[in-house]
Amino acid sequence: MNDDVEKILVSEQELSSIAHRLGEQITRDFEGKRLLVVGVLKGSIYFLTDLSRYIDLPCKLDFIQASSYYDGTESTGEIMIVKDIQEKDLSEFDVLLVEDILDTGNTLKYIKDMLEKRKPRSISIVTLLDKPARRVAEVSADYVGVDVPNEFVVGYGLDYNQYYRNLPYIGVLRREVYEGK
C-alpha cells in the first residue's frame with residue numbers, strides 16, 4: 001500500500017468483481033440497442049477499460065472531459081468542458097455515461113444536461129463509486145459499483161492533484177497529504 005494512503009476501501013479483486021457484475025447487467029439492459037459508452041475523463045479510464053471488457057455487445061466508445069476541481073479537493077462549482085465527444089447527433093444512440101465517482105453531482109448533471117440537448121434515445125449513468133453524503137445536484141446513477149463514505153479517495157483513476165490515479169485499488173488519502181500538515 002502507498003504510504004500516503006490511510007486505508008484501502010475497495011481492493012483490486014473487488015474492483016474486478018464490480019466491473020464484471022455491472023458489465024453483465026448493462027449487457028442485459030442494452031441488448032438490441034445502439035450503445036455509445038462515454039467515459040468521463042480522466043478518472044473513469046481504468047473503470048471504463050475494465051467495464052467495457054464485460055459489456056458483451058457491439059458499442060462505440062468515446063470520452064468527454066469536464067473539470068470543476070482545478071487541482072483541489074473540493075469542486076469549485078464552475079464546470080468547464082475540456083474535451084467533448086465526437087458524436088454531435090445522438091438521436092440514434094443510447095448513451096451510457098461512465099463515471100469514476102458520483103460526488104456532489106454537479107459535473108455529471110452538467111454533462112448529462114448538455115448531452116440531452118443532442119436528443120439521444122436515452123442516457124444512463126454508471127458510476128464505480130457513489131458518495132451520496134455529498135450530493136448537491138439532482139442526479140443519480142442507474143448502475144452503482146459501491147457506496148463510499150465521505151472521505152477523500154484515490155486510486156484506480158481517482159486522483160489528488162493528478163497523482164495516485166495508478167493505484168490498483170481505491171484508498172483513503174491521508175489528510176496530511178492534501179491539507180499540507
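Before reading further, recall that the structure is shown in the block above.
Let me begin by describing the structure that accompanies this report.

Let's talk about the pattern of salt bridges
- Evaluation of the coordinates by the stated rule reveals 12 salt bridges.
- Each of Asp84, Lys88 and Arg118 takes part in a single network of salt bridges with overlapping partners.

Topic: the side chain of Glu87
- Following the sequence through the fold, Glu87 ends up in the loop between strand S4 (80-83) and strand S5 (94-102).
- Of note is the side chain of Glu87, whose polar atom sits 2.6 Å from the side chain of Lys60.
- The contact partners of Glu87, leaving out residues within four places of it in the chain, are Leu36, Lys60, Asp62, Phe93 and Arg118.

Focus: the sheet that holds strand S3 (residues 59-67)
- Spatial ordering of the open sheet is given by S4-S3-S2-S5-S6-S7, a layout of six strands whose pairing is mixed. Single-partner strands in this sheet number two, and they are S4 and strand S7 (143-147). Within this sheet the neighbouring strands show an average axis-to-axis angle of 25°, counted without direction.
- Strand direction decides the pairing type here: S3 and S4, joined by three bridges, are antiparallel. Bridge pairing in S4 links Ala66 to Ile81.
- Lying on the sheet, helix H3 (residues 106-116) is in contact with strand S2 (35-41), S3, S4, S5 and strand S6 (122-130); it crosses S5 at an angle near 170°.

Some thoughts on the sheet that holds strand S8 (residues 153-154)
- Overall, antiparallel pairing links the three strands, which are arranged S1-S9-S8 in an open sheet. Bordering the open sheet on either side are strand S1 (5-10) and S8, each of which pairs with just one other strand.
- With four bridges joining them, S1 and strand S9 (residues 170-173) adopt antiparallel strand pairing. Across the sheet, residue Ile8 finds its bridge partner in S9, namely Gly171.
- Strands S1 and S9 of the sheet are contacted by helix H1 (residues 12-29), whose axis makes an angle of about 35° with S1.

Reading the values: the criteria
Residues numbered from 1 in each chain as written. Predicted model: local features only at pLDDT ≥ 70, side-chain atom pairs only at ≥ 80, totals over all residues. Heavy atoms only, no water. Salt bridge = Lys/Arg side-chain N within 4 Å of Asp/Glu carboxyl O. Helix = DSSP H or I, 4+ residues; strand = E, 2+ residues; numbered from the N terminus. Polar contact = N/O pair within 3.5 Å; in protein donor to acceptor, adjacent residues only side chain to side chain. Contact = heavy atoms within 4.5 Å. Pairing = 2+ DSSP bridges. Axes fitted to C-alpha atoms, helices over the stretch in contact; angles between N-to-C directions.

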